[in-house]
Amino acid sequence: PHTGRLALYLLGLRAACPPASPQRTLVTWLKYYLEEDWTGSRRHGRPLTNHYQYGLGVLALCVHHKRVREEVIRRLLTAQHHGRLGHGGNAVDTEAVVALAFTCLEQRRLVGTRLAAELKAAAHGASRSMAEAQGPDGIIGNIYSTPWALQVFLAQGTCQTEPAFGRAMAVLLENLEAFGTAATMAQVLPVLHGRSYLDIASMHCQEEPDMLTPMDIEPPTEVPGSKTVQLVVECPLPWCYELRLYDRPVPVPAAASLLDVLRAAAALEPHDFKFHTQDTPQGPFLTQVLGLEARQEKRNYWQLLTAPNTPLQMGIADYRPQDGETLILRLSEW
């Protein structure tokens, strides 16, 4: 089911104030996807996609002022209660989306009094959890999950009293260059204006003059020279025949991204390095390396690190390694 993508599309539609007619059909489809998403994986107690997409679906329906069946909501409540919402920065993303959905349902009075009290308590619990997850650098989870956490503080009205908010906002302003795709910009722009996705629900749509003008964007400046990056592939999982599957220096141009490094490694003789990516709204996502596929149903993923053990805060197309840096692709479980 395309739960998450349709949910994001509906949030964007609501923010753009289009005519109501095309949205009704899409909202119906989203309700269908939420049911299909769970039915296909009922025995596992989790959606076929993931709790992040499922939470986005509930949030989008709430923003469109649509009631959600109590069973659908309780699936998320149960997952949060049992700590099933993800790992690392992904846990912050998911917990924040779920908290926004709960806050929206409670504030818009789309649920009964008893359930509203449960949702309010769960959302505030998630807010405390995100504050506790803040690192010494001010980041909550990772740089991309930080705007989600800030949206929760804004939606709950705790941004003035929560110390984590100011520290996270400061580090966000120092790292705006990391938000280079439409999807990541959409997450950070509301925060920069002191808003959350919940504010879309109360927008007063009116005809606005077309004041958009095209921008002359200069092409990026060429960086002369070259660099060498040590590329390492690790598989610490029990079924892998050895830990280190690949370890080789890869020469690339000075401005090369991690994606460029992977492409250069694949072109080296002998052609023993292969990888695959999947296009997502956040940019290309690494799905397969050396024939080993990261699969959601197996709950594993390719973790990106810089040696010795520091997770990257950017995707493969955005991160630009330094000369002599060692990059590790590690197949990990969550």
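Residues numbered from 1 in each chain as written. Predicted model: local features only at pLDDT ≥ 70, side-chain atom pairs only at ≥ 80, totals over all residues. Heavy atoms only, no water.

A. Fine view of the overall build of the chain. Along its length, the chain carries ten helices and eight strands. Residue burial in the chain is summarised as follows: out of 334 residues, 48% are buried. Counting contacts in the chain only where the partners sit at least 6 residues apart, residues at least 24 apart contribute 63% of the total. In the form shown here, the chain has an accessible surface area of approximately 17,700 Å², with 53% of it arising from carbon and sulfur atoms. (Helix = DSSP H or I, 4+ residues; strand = E, 2+ residues; numbered from the N terminus. Buried < 20%, exposed > 50% of the residue type's maximum accessible area, 1.4 Å probe, protein only. Contact = heavy atoms within 4.5 Å. Areas by Shrake-Rupley, 256 points an atom, 1.4 Å probe, with all protein chains shown as cover.)

B. View of a nonpolar patch on the surface. Taken together, the side chains of Leu173, Leu176, Met185, Leu189 and Leu192 present a nonpolar region at the surface, about 410 Å² in accessible area. With three residues, helix H9 (residues 182-192) is the single largest residue contributor to the nonpolar patch. Along the chain, Met185 turns up in helix H9. Under the relative-accessibility criterion, Met185 is labelled partly exposed at 38%. (Patch = residues over 30% accessible without salt bridge, like charges linked within 9 Å, V, L, I, M, F, W, Y side chains within 5 Å. Salt bridge = Lys/Arg side-chain N within 4 Å of Asp/Glu carboxyl O.)

C. Fine view of the layout of surface pockets. Reported here for the second largest pocket is a volume of approximately 480 Å³. Forming the boundary of the second largest pocket are 23 residues, of which Ala15, Ala186, Pro190, Tyr197 and Ile200 lie nearest the centre. If you list the elements that add at least two residues to the lining of the second largest pocket, you get helix H1 (3-16) and H9. Residues belonging to the lining of the second largest pocket are distributed by class as follows: 15 nonpolar, five polar and three charged. (1 Å grid on protein atoms, 1.4 Å probe; cavity = no way out; pocket = protein on both sides within 12 Å on 5 of 7 lines; lining within 4 Å. Points joined across faces, edges and corners; volume = space filled by probe spheres on them. Nonpolar A, V, L, I, M, F, W, Y, C, P; charged D, E, K, R; others polar.)

D. Spotlight on the sheet that holds strand E6 (residues 300-306). Read across the sheet, five strands follow the order E2-E1-E8-E6-E7 without closing on themselves; strand pairing throughout is mixed. The open sheet is flanked by strand E2 (244-253) and strand E7 (310-311), the only strands paired with a single partner. Examined bridge by bridge, strand E1 (residues 226-234) and strand E8 (residues 326-333) share five bridges and lie parallel to one another. What sits directly across from Val232, in E8, is Ile328. Contacting E1, E2, E6 and E8, helix H10 (residues 258-267) crosses the sheet at an angle of about 105° to E2. (Pairing = 2+ DSSP bridges. Axes fitted to C-alpha atoms, helices over the stretch in contact; angles between N-to-C directions.)

E. Geometry of the sheet that holds strand E3 (residues 275-280). Ordered in space as E3-E4-E5, the three strands form an open sheet in which the pairing is antiparallel. Either end of the sheet is taken by a strand with one partner, and the two such strands are E3 and strand E5 (292-293). The pairing of strand E4 (residues 283-289) with E5 spans two bridges and is classified as antiparallel. When the sheet's bridge partners are listed, Val289 is paired in E5 with Leu292. The sheet strands contacting H10 are E3 and E4, and the helix crosses E3 at an angle near 150°.

F. The arrangement of H1 in detail. With 14 residues, H1 should cover 20 Å at 1.5 Å per step; its first-to-last C-alpha distance of 20 Å lies within 8% of that length. Within H1, the full set of buried residues consists of Thr3, Gly4, Leu6, Ala7, Leu10, Leu11, Leu13 and Arg14. Two residues or fewer past H1, Cys17 is found with a positive phi of approximately 55°. (Expected span 1.5 Å × (residues − 1).)

G. Region of the structure containing the packing of aromatic side chains. The tally for this structure, following the rule as stated, stands at eight aromatic pairs. Between the aromatic rings of Tyr52 and Trp148, the centroid separation amounts to 6.1 Å while the plane-to-plane angle is 85°, which identifies the pairing as edge-to-face. Of this pair, Tyr52 sits in helix H3 (residues 51-63) while Trp148 is found in helix H7 (residues 146-155), placing the two residues 96 residues apart along the sequence. As far as burial versus exposure is concerned, Tyr52 and Trp148 are alike and both buried. Between Tyr246 and Phe273, the ring centres sit 5.0 Å apart and the planes meet at 50°, which makes this aromatic pair tilted. Pair noted here: Tyr246 is in strand E2 and Phe273 is in the loop between H10 and E3, with a separation of 27 residues, a long-range link. (Phe/Tyr/Trp six-rings, centres within 6.5 Å; stacked < 30°, edge-to-face > 60°.)

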